[in-house]
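# Structural description and commentary
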Amino acid sequence: MLFNSKRVSLRKMSIDDIELYHAWRNNMEVMISTNPSLDVYSLEETKSFVENVILGSSSSKSYIIHHKRSEKAIGITSLINIDLKNRNAECIIDIGDKEYWGHGYGKEALKLLLDYAFLELNLHRVSLRVFSFNDRAIALYQKIGFQQEGVSRQALFRNGQWHDIVHMGLLQSEYN
């Protein structure tokens, strides 16, 4: 399945994306604001994770974000923990190529994913978790319509300090 906006497109993740995803997954500058564990993974561990968790799960859908003009893969976005009975899912987004940070590509990609979640899957609610120090991401999520629903206080230890994890949610009726 392919989704398109003005500047980005989403393509379903495949086995062919393992090495690219591996590079993003091991880049600490990319993962410091999104990955709680900050582990370094071997290529074999990443391959197993992609095959078993990302591609092998019936409750998740992951897409590679492509910059349309350059045709370059710049990130990944996913719906995880999809619960069709209760019409809920959690979303994740990472712009893995730092060159594309701060230019609105994440917003476009997330809106494509939310269009799919709400308009195609007919989900009622999409949630996410974001680290409290990730001000740019929080501002983006609020601009899209996500509301803060709770906080896991001091749940993340990063750079010698404790940080909160903010829980946000968006209902289908709130999404424009």
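Cut-offs applied
- Residues numbered from 1 in each chain as written.
- Predicted model: local features only at pLDDT ≥ 70, side-chain atom pairs only at ≥ 80, totals over all residues.
- Heavy atoms only, no water.
- Helix = DSSP H or I, 4+ residues; strand = E, 2+ residues; numbered from the N terminus.
- Buried < 20%, exposed > 50% of the residue type's maximum accessible area, 1.4 Å probe, protein only.
- Pairing = 2+ DSSP bridges.
- Core = buried A, V, L, I, M, F, W, Y, C linked by side-chain atoms within 4.5 Å.
- pLDDT = per-residue confidence, 0-100.
- Phe/Tyr/Trp six-rings, centres within 6.5 Å; stacked < 30°, edge-to-face > 60°.
- Salt bridge = Lys/Arg side-chain N within 4 Å of Asp/Glu carboxyl O.

## A short note on unusual backbone geometry
The phi dihedral of Arg 87 falls on the positive side, at around 55 degrees, and the residue is not glycine. With respect to the helices and strands, the residue Arg 87 is situated in the loop between strand S4 (72–83) and strand S5 (88–95). For Arg 87, a relative accessible area of 31% gives the class partly exposed. Backbone geometry places Gln 154, a non-glycine residue, at a positive phi of 45 degrees.

## Section: the pairing of strand S7 (residues 147–158)
For a regular strand, side-chain orientation follows a simple rule: the groups alternate between the two sheet faces. In terms of strand pairing, S7 meets strand S8 (residues 161–171) through eight bridges, oriented antiparallel. Bridging from a neighbouring strand, Val 151 pairs with Val 166 of S8.

## Quick look at the nonpolar core
Among the nonpolar cores identified, the biggest contains 36 residues, and Leu 110, Leu 114, Tyr 141 and Phe 146 are the most heavily contacted of them. When residues of this core are assigned to their parent elements, the largest contribution, nine residues, is made by helix H4 (residues 105–120). The next biggest cluster of nonpolar side chains, apart from the first, holds nine residues, and it includes Ile 18, Trp 24, Ile 54 and Ala 73.

## Examining the confidence of the model for the chain
Per-residue confidence for the chain averages 94 on the pLDDT scale, and 99% of its residues sit at or above 70. No element of the chain has a lower mean pLDDT than strand S1 (residues 2–4), at 79, and none a higher one than strand S6 (residues 125–131), at 98.

## Quick word on the packing of aromatic side chains
Taken as a whole, this structure holds nine aromatic pairs when the rule is applied. Between the aromatic rings of Phe 3 and Tyr 63, the centroid separation amounts to 5.4 Å while the plane-to-plane angle is 75 degrees, which identifies the pairing as edge-to-face. Of the two residues, Phe 3 sits in strand S1 while Tyr 63 sits in strand S3 (residues 61–67), which places them 60 residues apart along the sequence. Judged on exposure class, the residue Phe 3 and its partner Tyr 63 are both buried. On the basis of an interplanar angle of 50 degrees and a centroid distance of 4.9 Å, the ring pair of Phe 3 and Tyr 116 is categorised as tilted. Separated by 113 residues along the polypeptide, Phe 3 in strand S1 and Tyr 116 in helix H4 bring together distant segments of the chain.

## Details of the pairing of S8
Judged from the seven bridges that link them, S6 and S8 form a sheet pairing that is antiparallel. Across the sheet, Val 126 pairs through a bridge with Leu 170, a residue of S8.

## Overview of the pattern of salt bridges
Scanning the entire structure with this criterion turns up eight salt bridges. Where Glu 99 meets Lys 72, a salt bridge forms, and the shortest distance between an N and an O atom there is 3.9 Å. Of this pair, Glu 99 sits in the loop between S5 and H4 while Lys 72 sits in strand S4; the two residues are 27 residues apart in sequence, bridging distant segments of the chain. By relative accessible area, which is 55% here, Glu 99 ends up exposed. When its relative accessible area of 33% is taken as the criterion, Lys 72 is described as partly exposed. The salt bridge partner of Glu 149 is Arg 125, with a shortest N-O separation of 2.3 Å. Of the two residues, Glu 149 sits in strand S7 while Arg 125 sits in strand S6, which places them 24 residues apart along the sequence. Residue classification places Glu 149 among the partly exposed positions, given a relative accessible area of 46%.

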